[in-house]
Amino acid sequence: MQPLSTLKPLIQAYREAQTRAKPLTSVTTNKVGIYTLVHCAESRDDFAKNKLWESMWWWYKGLAEFHLKWEFAHLSEEQQQAAFPLLDKQARGEFDITTFDKEDMVIVGTPDECLQKFLKYEEVGVDQLLCYINFGYLPHEAVMKSIELLGTYVIPELAKRGAGNAAKSLTQAVREAEGAIG
């Protein structure tokens, strides 16, 4: 829920803190995983037909409602609003869902745009991307087309450019989405 531009300093702070960490077990890791929505289309003109923006709002609203009911129920109303400020902004018509895209908080776009976004995540130090590919109101055909574009263009390009973490994460996400869709 943060713009990609704020992620690099957080990852650097995490990695620095890891140098001083005292593990509780024999297992240690210095890996950073990020969860994000991913949708690849031949053209941005397909976004409306694919109901992408509505699907992204479905995700945010569902995430907020779950956390407010189950994780943040003990917080005051003011603290809850601060945790998910977009709920009120959207209700008042003061939030543009495309901000998630503009700030690289999600990976959506054409194959070239998605490729560039995956590379940005790799550049800021993300080791693993947890990609949510089948979300909201996306039609089955749109999800399948996204999987096809990611598998035939984006993953091979990531591998060619040496972005191994992004390619591996995306390959895993595509396989899981294919298995879920059957």
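For the structure itself, look to the data block above.
> Can you tell me about unusual backbone geometry, naming the residues and giving the values?
Across residues other than glycine, the phi torsion is negative in most instances, and most of the peptide bonds are trans. Phi at Lys51 is positive, roughly 60°, even though this residue is not glycine. For Lys51, the location among the structural elements is in the loop between helix H2 (46-50) and helix H3 (52-71). Judged by relative accessible area, Lys51 falls into the partly exposed class, the value being 42%. Look at Asp104: it is not a glycine, yet its phi comes out positive at around 60°. With respect to the helices and strands, the residue Asp104 is situated in the loop between helix H6 (99-102) and strand E2 (107-109). For Asp104, a relative accessible area of 10% translates into the label buried.

> So what's going on with the sheet that holds strand E3 (residues 128-132)? Which residues, and what values?
Strand order in the open sheet formed by three strands is E2-E1-E3, and the pairing between neighbours is parallel. Strands at the two margins of the open sheet, each flanked by one partner only, are E2 and E3. On average, each strand axis in the sheet is inclined to that of its neighbour by 30°, with strand direction left out of account. Pairing analysis gives five bridges linking strand E1 (residues 33-40) to E3, with the strands arranged parallel. Across the sheet, the residue bridging to Thr36 is Cys131, located in E3. The strands touched by H3 within the sheet are E1, E2 and E3, with E1 carrying the most contacts at an inclination of about 155°.

> Break down helix H8 (residues 140-160) for me, citing the residues and quoting the values.
Between its first and last C-alpha, H8 extends 29 Å over 21 residues, near the 30 Å set by a 1.5 Å rise per residue. The complete set of buried residues in H8 reads Ala142, Val143, Ser146, Ile147, Leu149, Leu150, Val154, Ile155, Glu157 and Leu158. On its buried face, H8 is in contact with E1, H2, helix H7 (111-123) and helix H9 (164-181). Phi turns positive, to about 80°, at Gly162, one or two residues after H8.

> Please give an account of the environment of Leu150 that cites residues and values.
Note that Leu150 resides in helix H8. Between the alpha carbons of Leu150 and Gly162 there is a distance of 16 Å; along the sequence they are 12 residues apart.

> Got a sec to walk through the environment of Val106? Specific residues and values, please.
As for its position among the elements, Val106 is in the loop between H6 and E2. On the accessibility criterion, Val106 (1% relative accessible area) is buried.

> Give a description of the pattern of salt bridges that names residues and reports values.
Note on pairing: side chains with opposite charge can pair once their charged atoms come close. All told, the structure shown has 14 salt bridges when counted by the stated rule. Ionic pairing is found between Lys61 and Glu65, a salt bridge with its closest N-O pair at 2.8 Å. In this pair, Lys61 and Glu65 both sit in helix H3, four residues apart, roughly one turn of the helix. A residue is classified by how much of its surface remains accessible, and Lys61, at 36% relative accessible area, is partly exposed. You can call Glu65 partly exposed: its relative accessible area is 41%. Each of the salt bridges in this network shares a partner with another, and the network as a whole consists of Arg44, Asp101, Asp104, Glu113, Lys117 and Lys120.

Rules used in this analysis
- Residues numbered from 1 in each chain as written.
- Predicted model: local features only at pLDDT ≥ 70, side-chain atom pairs only at ≥ 80, totals over all residues.
- Heavy atoms only, no water.
- Helix = DSSP H or I, 4+ residues; strand = E, 2+ residues; numbered from the N terminus.
- Buried < 20%, exposed > 50% of the residue type's maximum accessible area, 1.4 Å probe, protein only.
- Pairing = 2+ DSSP bridges.
- Axes fitted to C-alpha atoms, helices over the stretch in contact; angles between N-to-C directions.
- Contact = heavy atoms within 4.5 Å.
- Expected span 1.5 Å × (residues − 1).
- Salt bridge = Lys/Arg side-chain N within 4 Å of Asp/Glu carboxyl O.

Purely geometric numbers; function is a separate question.
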